[in-house]
Amino acid sequence: MIYDDGFSNHSFIEINDTTGDDQYIINSGASQIALFNTMLPAVFEEVVQLDSLESASNYSELDAVFFPAIEEFQVGLPQKTRLNVYEIWVKYNMRLARANGDYIADWVMTAYGKSPEETFQSVDAGVNDAANVALRDLAASFTLGLSNIPEVNEWLRSENVLGE
Amino acid sequence: MLLAVSAAIILSSCTTTEIDEFRQSATTINQDESIVILGRRQNNNYETEESFVGCVADVVSSGQNSISVIDEREFLDAMFPFFEPRTAPMRTGHLEQLMAVDVAAEKMEEFGIEYIVWLDGITERSDQSGSISCTIGPGGGGCFGFGTWTDDSIYEAEIWDMDTLSSVGSISTEANGQSYMPAVVVPIPLIARVEANACSGLGNQLKQFINGS
């Protein structure tokens, strides 16, 4: 897999509507990397991390290269939504390519999580709870749904990975 | 003492609970078998509270004719990714498909689960009225006013048999109660324990149901 800078250093900034200043900053890059580093080895036989597509040529046995990217990141805060929960919604763009860069598949996945309903929850705890649920949601849908993506399914069949 | 007794009487009379049971098949459970109680969290508008699921689990696993209950969080983590809100089986047909997956069936076997109980519902507050205002000054402080509200708990438990991979019945509970908060210098809470009563009623009925009573 390749994690570009935008993914590795992803952060979300919630702006204060009144003052225009940064109200909350959510740095999710490290969590995203930890998630994919846990998830991908569970789905693929062997996983190596590359710096760029060019370094793929150093691995003769490479079947594919995987690029995750975050297209959108939204946070729902109780002070704005008037609910007693924190919500996180993430839209990912997943790309799979051959070692030479040829396209295999490009698809969108979403993840949603919300914190348990509590009246006096701190922002840190609420956002953390919501993020945990969202990341679990992505991991579940990715691991169970990957082979159902049509282009991915076609590629897996061409590699004789899926049975009849 | 008289005030405490009066308060207890008022509290106990502020909640009404109704429980209905629908049985489709006979049920029984051995000492070495367990159940797991899970909350439904697929709905966009609400999620079955973890605290309520935990409460029902406590009622079922304690007292006379108690049943061994696997902790919800432990089960969800061990069975990941098969019982997440997005991936959990919604019907027994889906459960059949899930049990065809070797790793899922093995994990279930390890836990020794005989029944899965799905809890679906919510406790909501309605009809809130009144107000209490409190002040504090050099001579002291206090509150004055009156508040009242109604809580409604509606939950349904559906029981799935892991031997037949079918639903064996359901238990629904509806509880509502009126709470009062008069404030004369200090607030005097007279809280109707609606959710607790719903939990207790549902838990005890569930215990009887699974034991085959």
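Every residue gets a number counted from 1 within its own chain, in the order that chain's sequence is written. As a convention, the first chain written is A and the first ligand written is 1, with the rest following in written order. Side-chain atom pairs in this predicted model are given and counted only at pLDDT of 80 or more, local residue features only at pLDDT of at least 70, and totals for whole chains, interfaces and linings cover all residues.

J.: So what about the overall build of chain B? Which residues, and what values?
T.: Secondary structure assignment for chain B yields six helices and six strands. The numbering of helices and of strands both runs from the N terminus, where a helix is a DSSP run of H or I of at least 4 residues and a strand a run of E of at least 2. When the helices and strands of chain B are listed from N to C terminus, the series reads α-β-β-α-β-α-α-α-β-β-β-α. The size measure is the radius of gyration over C-alpha atoms, and the globule rule it meets is 2.2 Å times the number of residues to the 0.38 power. A globule of 213 residues ought to have a C-alpha radius of gyration of about 17 Å, yet chain B, at 21 Å, is considerably larger. Dimensions along the principal axes, computed over C-alpha positions, put chain B at roughly 70 × 35 × 25 Å.

J.: Got a sec to walk through the sheet that holds strand E3 (residues 65-76) of chain A? Specific residues and values, please.
T.: Backbone-to-backbone hydrogen bonds pair the strands of a sheet. The strands run either parallel or antiparallel. Residue and element names in this part refer to chain A. Strand order in the open sheet formed by three strands is E3-E4-E5, with antiparallel pairing between adjacent strands. Across the chains shown, the open sheet's two edge strands, defined by having one partner strand only, are E3 and strand E5 (103-114). Here the average twist between neighbouring strands, direction ignored, is 15°. Strand pairing is assigned whenever DSSP detects at least two bridges linking the two strands. The sheet contact formed by E3 and strand E4 (residues 87-97) spans 11 bridges and is antiparallel. Across the sheet, the residue bridging to Phe67 is Arg95, located in E4. Working definition of a contact: two residues with C-beta atoms, positioned from the backbone, lying within 7 Å. Axes, fitted as lines to C-alpha atoms, cover a helix only where it is in contact. Angles between the N-to-C directions of the axes lie from 0 to 180 degrees. Contacts from helix H4 (residues 123-145) reach E3, E4 and E5 within the one sheet, and its direction differs from that of E5 by about 145°.

J.: Which residues make up the pairing of strand E2 (residues 22-27) of chain A, and what values do they have?
T.: All names here are of chain A. Remark: C-beta atoms are placed from the backbone, and a residue is labelled buried if 20 or more other C-beta atoms sit within 10 Å of its own, exposed if 12 or fewer do, or partly exposed between those counts. Among the six residues in E2, zero count as buried, and that is only a small part of the element. Bridge count between strand E1 (residues 11-15) and E2: five bridges; the pairing is antiparallel. Within the sheet, the bridge partner assigned to Ser11 lies in E2 and is Asn27. Counted along the chain from E1 to the antiparallel partner E2, the turn is six residues long, and its residue Gly20 has a positive phi close to 80°.

J.: So, the sheet that holds strand E2 (residues 34-39) of chain B: which residues are in play, and what are the values?
T.: Residues and elements named next belong to chain B. Read across the sheet, six strands follow the order E1-E6-E5-E4-E2-E3 without closing on themselves; strand pairing throughout is mixed. Pairing within the sheet leaves two strands with one partner each, and these edge strands are strand E1 (15-23) and strand E3 (68-70). Direction aside, neighbouring strands of the sheet carry axes that sit 20° apart on average. The pairing of E2 with strand E4 (residues 113-137) spans six bridges and is classified as parallel. What sits directly across from Val36, in E4, is Ile116. In this fold helix H2 (residues 50-60) packs onto E2, E3 and E4, with an angle of close to 160° to the strand it touches most, E2.

J.: Residues and numbers for the confidence of the model for chain B, please.
T.: Per-residue confidence for chain B averages 89 on the pLDDT scale, and 94% of its residues sit at or above 70. In this model residues 1-13 of chain B is a low-confidence stretch, pLDDT under 50, and it forms four contacts with partners more than four residues away in sequence or in other chains. A score from 0 to 100, pLDDT tells how confident the predictor is in each residue.

J.: Give a description of the packing of helix H2 (residues 29-43) of chain A against H4 of chain A that names residues and reports values.
T.: Residues and elements named next belong to chain A. Direction vectors running N to C along H2 and H4 enclose 25°, while the axes themselves pass 11 Å from each other. Taken as axis vectors, H2 and H4 run roughly parallel relative to one another. In this structure, H2 meets H4 at a crossing whose hand is right-handed. Together, Ser31, Leu35, Met39, Ala42 and Val43 of H2 and Ala131, Leu135, Leu138, Ala139, Phe142 and Thr143 of H4 make up the contact between the two elements. Lys, Arg, Asp and Glu make up the charged group, whereas Ala, Val, Leu, Ile, Met, Phe, Trp, Tyr, Cys and Pro make up the nonpolar group; the residues left over, Gly among them, are polar. Here the residues of the contact of H2 with H4 sort into nine nonpolar, two polar and no charged. Every angle not falling under 35 degrees, over 145, or within 65 to 115 is termed oblique; those three ranges are roughly parallel, roughly antiparallel and roughly perpendicular. It is the rotation of the near helix from the far one that decides the hand of a crossing: anticlockwise by less than a right angle makes it left-handed, clockwise makes it right-handed.

J.: I'd like a description of the nonpolar core, backed by residues and values.
T.: Within soluble globular proteins, side chains that are nonpolar tend to cluster in buried spots. What makes a nonpolar core is a set of buried Ala, Val, Leu, Ile, Met, Phe, Trp, Tyr and Cys residues, with links drawn between C-beta atoms within 7 Å. With 42 residues, the main nonpolar core has Ile37, Val56, Val117 and Leu119 of chain B as its most contacted residues. Counting only elements with at least two residues in this core, the list comes to E2, H2, E4, strand E5 (140-161), strand E6 (166-187) and helix H6 (194-210) of chain B. In terms of residues, this core owes the most to one element, H6 of chain B, which gives seven residues. Excluding residues within four positions of it along the chain, Leu119 of chain B makes contact with Ile37, Leu38, Gly39, Arg40, Thr48, Phe52, Val53, Val56, Tyr155 and Ala157 of chain B. Core analysis: the second largest hydrophobic core is formed by 20 residues, Leu35, Val90, Ala130 and Leu135 of chain A among them.

J.: Would you mind going over H2 of chain B in detail, with residue names and values included?
T.: Residues and elements named next belong to chain B. Turning to H2, its buried residues are Phe52, Val53, Val56, Ala57, Val59 and Val60. Buried residues in H2, looked at end-on, bunch into an arc of 160°, giving them a common side. Tucked inside the fold, the buried residues of H2 contact E2, E3, helix H3 (72-78), E4 and H6. Relevant arc is that of directions from the helix axis to the C-beta atoms, nothing else.

J.: Can you tell me about unusual backbone geometry, naming the residues and giving the values?
T.: A cis geometry characterises the amide bond from Phe80 of chain B onward to Pro81 of chain B, with omega recorded as 5°. With respect to the helices, strands and loops of the structure, Pro81 of chain B is situated in the loop between H3 and helix H4 (92-99). A positive phi angle is found at Asn160 of chain A, which is not glycine, with a value near 60°. Here Asn160 of chain A is to be found in the segment after helix H5 (150-158).

J.: Kindly report on the environment of Gln23 of chain A, identifying the contributing residues and their values.
T.: Residues and elements named next belong to chain A. Relative to the elements of secondary structure, Gln23 occurs in strand E2. Residue classification places Gln23 among the partly exposed positions, given that 15 C-beta atoms sit within 10 Å. As a C-alpha pair, Gln23 and Leu135 span 112 residues in sequence and 23 Å in three-dimensional space. If sequence neighbours within four positions are ignored, Gln23 has contacts with Glu14, Ile15 and Asn16.

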